[in-house]
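# Working through the structure, step by step
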Amino acid sequence: MNDCVFCRIASGEIPATIVKRTPEAVAFRDLNPQAPVHVLVIPTQHVDSAAQATGDAGEALLGKTMRLAVEVAHDLGLDGPGYRLVANTGVDGGQSVPHFHLHLLGGRRMDWPPG
Ligand code: DGP
């Protein structure tokens, strides 16, 4: 989608600090980090949210996005200390960019419940 900021990052049209990329997903540093490690992991293909990722193709999209997030967590040394994966969804979930994304947060102890 031309007007989607994350699609434009995935295509390279908007610069971002790319951490890792596969044919199906991209991981890049969040512009407004909320933890020492704050990486966003997105599918290259646009879906507004996980609910739109239907059927076998949707299952693959979600799985490959999650797989990249887990690989990046490993690469950044977070397996031992741990980390948090978050998918804010919709207005109540606090989603501000309507392109499905996982927040990978680490490098500090997380609070629960979230705000
Ligand atoms: P959410 O609120 O869950 O939709 O998170 C969207 C995140 O995207 C938020 O933490 C800030 C980040 N973000 C928004 N625009 C950009 C951008 O242009 N570049 C990067 N790197 N991150 C962005």
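As a reminder, the structure under discussion sits directly above these lines.
Below or above, wherever it landed, is the structure these notes cover. (Residues numbered from 1 in each chain as written. Predicted model: local features only at pLDDT ≥ 70, side-chain atom pairs only at ≥ 80, totals over all residues. Heavy atoms only, no water.)

Attention now goes to the sheet that holds strand 3 (residues 37–43). If you walk across this open sheet you meet the five strands as 1-2-3-5-4, and the pairing is antiparallel. Pairing within the sheet leaves two strands with one partner each, and these edge strands are strand 1 (18–21) and strand 4 (83–86). Within the sheet, the average angular offset between the axes of one strand and its neighbour, ignoring direction, is 20°. Sheet topology places strand 4 next to strand 5 (residues 102–106); four bridges connect them, and they run antiparallel. Bridged to tyrosine 83 within strand 5 is glycine 106. The sheet contacts of helix 2 (residues 55–75) involve strand 1, strand 2 (25–29), strand 3, strand 4 and strand 5, and relative to strand 3 the element is tilted by about 155°. (Pairing = 2+ DSSP bridges. Helix = DSSP H or I, 4+ residues; strand = E, 2+ residues; numbered from the N terminus. Axes fitted to C-alpha atoms, helices over the stretch in contact; angles between N-to-C directions. Contact = heavy atoms within 4.5 Å.)

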